[in-house]
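Below are the chains, spelled out letter by letter.
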Amino acid sequence: MGHVRKYLPHLVLALGAIPMLLPFYWMFLTSIRSPSEIFDVSLWPIPRQFDAVQNYSRAASQVPMLRFMLNGVIVCGGILIVQVLTAVPAAYALAKLRFPARRLMMTLIIAALCVPMQALALPLFVGLAKANLLNTYFAMMAPFFLSVFAIFLFHQSFRSYPEEVIEAARMDGFSEMEICWRLVLRGSLPSLAAFAVFSLVAHWNDLYWPMIVVTDTNLAPPPLGMLFFADVESGANYGALMAGAAIITAPMVICFLFARRHFIAGITMTGVK
Amino acid sequence: MQPQSLELQGIEKSFGADNVLKSIDLAIRPGEFLSLVGMSGCGKSTLLRIIAGLETPDRGTVSIGNRQVTDVDPSERNLAMVFQSYALYPHMTVRENIATPLRMRRLSFTARLPLIGRMIASADTLRDIATSVEEAAETLQIGHLLDRKPAQLSGGQRQRVALARALVRQPAAFLMDEPLSNLDAKLRAHMREELTGLHRRLGATFIYVTHDQIEAMTMSDRIALMSEGGIEQLGTPDELYQRPASLTVARFIGTPTINLLPVEIGMSGRISAFGQEFGLEAAAQAAGPATLGIRAEDLRPAADGLAVRVLRSETYGADRFVTCALVQDQSVRVVMRQHAGESLPSEADGLLRLGFAEQRAHLFGADGRRCDVSARARVAA
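It is worth spelling out the overall build of chain A at this point. If you tally the helices and strands in chain A, you get 13 helices and 0 strands. Overall, chain A shows an N-to-C arrangement of helices and strands of α-α-α-α-α-α-α-α-α-α-α-α-α. C-alpha extents for chain A along the principal axes are approximately 70 × 70 × 30 Å. Every one of the 273 residues in chain A was classed for burial, and the buried ones make up 41%. Contacts spanning at least 24 positions in sequence make up 72% of the contacts within chain A whose residues lie at least 6 apart. Approximately 15,000 Å² of chain A is accessible, and the part contributed by carbon and sulfur atoms is 72%.

A separate point is the nonpolar core. Counting residues in hydrophobic clusters, the biggest one holds 93 residues, and the most contacted among them are F158(A) and L36(B). Sort the elements by how many residues they give to this core and helix 3 (residues 65-96) of chain A lands first, with 14 residues. Core analysis: the next-biggest nonpolar cluster, separate from the first, contains 39 residues, F33(B), I98(B), L102(B) and M176(B) among them.

Okay, the confidence of the model for chain B next. Averaged over every residue, the pLDDT of chain B is 89; residues scoring 70 or more account for 97%. For this predicted complex, the interface confidence score (ipTM) comes to 0.84, while the overall pTM stands at 0.82.

On to the sheet that holds strand 4 (residues 59-64) of chain B, then. All names here are of chain B. Reading across the sheet, the 4 strands line up as 2-1-4-5 and stay open at both edges, with antiparallel pairing between neighbours. Of all the strands in the sheet, just strand 2 (18-28) and strand 5 (67-68) have a single pairing partner and so form its edges. Pairing geometry for strand 1 (residues 6-15) and strand 4, over 5 bridges, is antiparallel. Residue E7 lies in a different strand from strand 4, and its bridge partner there is S63. With respect to the sheet, helix 1 (residues 44-52) is in contact with strand 1, strand 2 and strand 4, its orientation differing from that of strand 1 by roughly 120°.

The end-to-end C-alpha distance of helix 6 (residues 155-167) of chain B, which contains 13 residues, comes to 19 Å, matching closely the 18 Å that a straight helix rising 1.5 Å per residue would cover. Counting buried positions over the 13 residues of helix 6 of chain B gives 10, a clear majority of the element. Residues of helix 6 of chain B that are buried include every one of G156(B), Q159(B), R160(B), V161(B), A162(B), L163(B), A164(B), R165(B), A166(B) and L167(B), and no others. On the buried face of helix 6 of chain B, the contacting elements are helix 8 (163-172) of chain A together with strand 6 (79-82), helix 2 (94-106), helix 5 (123-139), strand 7 (173-177) and helix 7 (185-202) of chain B.

Turning to the layout of surface pockets, a few remarks are in order. Reported here for the largest pocket is a volume of approximately 820 Å³. Forming the boundary of the largest pocket are 32 residues, of which R182(A), E96(B), R103(B), R112(B) and R118(B) lie nearest the centre. Elements represented by at least two residues in the lining of the largest pocket include exactly helix 9 (176-184) and helix 10 (189-204) of chain A together with helix 2, helix 3 (109-112), helix 4 (117-120) and helix 5 of chain B. When grouped by side-chain class, the residues that make up the lining of the largest pocket number 19 nonpolar, 4 polar and 9 charged. Put simply, the second largest pocket is a space of about 660 Å³. Along the walls of the second largest pocket sit 23 residues, with V115(A), M117(A), P143(A), F144(A) and L146(A) positioned nearest its centre. For the lining of the second largest pocket, the leading source of residues is helix 10 of chain A, giving 5 residues. Among the residues forming the lining of the second largest pocket, the class breakdown is 17 nonpolar, 5 polar and 1 charged.

Once that is clear, we can look at the interface of chain A and chain B. Contact residues are listed per partner, giving 16 residues for chain A and 26 residues for chain B. Of the roughly 1,900 Å² buried between chain A and chain B on both sides combined, carbon and sulfur atoms contribute 58%. Sorting the residues of the side of chain A that touches chain B by element identifies helix 8 and helix 9 of chain A as the ones contributing at least two each. Ranked by the residues each element gives to the side of chain A that touches chain B, the list is headed by helix 8 of chain A, at 8 residues. Of the residues that constitute the side of chain A that touches chain B, the class distribution is 7 nonpolar, 1 polar and 8 charged.

What counts, and at which threshold
- Residues numbered from 1 in each chain as written.
- Chains lettered and ligands numbered in written order.
- Predicted model: local features only at pLDDT ≥ 70, side-chain atom pairs only at ≥ 80, totals over all residues.
- Heavy atoms only, no water.
- Helix = DSSP H or I, 4+ residues; strand = E, 2+ residues; numbered from the N terminus.
- Buried < 20%, exposed > 50% of the residue type's maximum accessible area, 1.4 Å probe, protein only.
- Contact = heavy atoms within 4.5 Å.
- Areas by Shrake-Rupley, 256 points an atom, 1.4 Å probe, with all protein chains shown as cover.
- Core = buried A, V, L, I, M, F, W, Y, C linked by side-chain atoms within 4.5 Å.
- pLDDT = per-residue confidence, 0-100.
- Pairing = 2+ DSSP bridges.
- Axes fitted to C-alpha atoms, helices over the stretch in contact; angles between N-to-C directions.
- Expected span 1.5 Å × (residues − 1).
- 1 Å grid on protein atoms, 1.4 Å probe; cavity = no way out; pocket = protein on both sides within 12 Å on 5 of 7 lines; lining within 4 Å.
- Points joined across faces, edges and corners; volume = space filled by probe spheres on them.
- Nonpolar A, V, L, I, M, F, W, Y, C, P; charged D, E, K, R; others polar.
- Buried area = accessible area lost by both parts, 1.4 Å probe.

Laid out in structure tokens, this is it:
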């Protein structure tokens, strides 16, 4: 009885994990199979003909995969840095300072959370086009510089930072910016890790926006690059396509595994003192 | 650093419609241990925060020494504050916590930056800071805890670290906001003693906020008893106990709580309760209902006193507290304090007559202020 109680949740979670992981497993399987096996429904991990080397080398050589990855790093890194630089002071002010219209601002932020990216795509595109900024890194990054989600997440986490420590810091001579970055953010590192994972994953995998503002292959981040790749091949070589997909997924998986502990602490601790 | 005087003039503060402080004037002498005491919500913490500069008064001025600091930043006032929750920096070690006030004052912004700061800061200054930290830690006997993080310390140890962080900067005055209220009773009594010891040793000005009248009575040179945003009475612990200026003060100070009798002041100034006269006389213009306050230790069994029924008697080693209800009005309870050795001359059904020394009674008029009272020459029966 006790054993059932102990292992039942794990069993349920494991069952839930299967449909989540299956596409990744399929991707990986396809990337090491030969073209003749691609449409097999078998999930057996060992292919009859091991074509991994061909598929991966093809994915790496046919398109500038490294270039795509570098573009991805520049865009994601740029977005993340500006998001943190702007969201942390904003969240600190909203969580810990008293000023008029604070509640209104908070309401606006929650309202802004509900606006989907797609609704803003057209005006942003027109604006960037008029400013002659299409086909630049800036065009890919700019719409995401101010993240209301980041403000909201940091606000929730900063709110629980003890007021008296901030007051002690004011008496010791910390400036508000030093309090914000050196004390309050320092106490919310798990939230920072959680947000970094959210942001990096979202923008690394984003196809929608880069497809709108970038037509130059040299600027394409990985998913858009993959799309070009698929077009070039007209969808014939699934093995190589999946090998490419596996290559661009890997950095995110590695990034998550590194930040995993902080990430989980970051999304569970909000509100806990 | 010489101990500094502090002066508050006409301090007013409202939060919205809530009038928290109503024109406070208070002069604190250099080197004095002054307690701000009162019920929660009386404005004592707000007043302390105004002195600290964490709150801005709507009106009035704050001066430290001879310098007006009303609009000066908290860090420029050279005050140290010990918070109720100790407010240690959670990610720093004890050593870094204590060093922080000095680093913030003596090092430039760049020299305070992590990593590169160490290369910029002058070695002499860093050595000075390290020495001061060691000394402060020594004073509070926390030298062995310097490399721990606050989370690894007990409540009492955190308290000491907070004190060390306060005294390392040699402030013009120490501000303490209920620093002992998170400690258990035994440790609290011990820290009370240490705080008074520290005050004597440093000779610094202490302003101490508490809701605990025992802390205020045992530690302070003077007490400012606050109520509803004003100072009810300012005086030594003895003055507050012996000559409470109002009913509020009388009720707040002293354990057990002072006994209060509803009395009537006659046209001639004679004071009576339930038709029974005492040998007491007030000014005739005070005529009307009033309250007579008598401390538990001033009540004595007396043949011509008020009739009471004994409800219970509790012995605390040397003392005994006898709780009684008035025979004329059961809702009025009084507590008499006597030596445990004394016997209680009680009549068969628990009835007792209690009297008191006239000069030890406190009379409060209908407005709650203290009234003069004199013992009336006894007329021979």
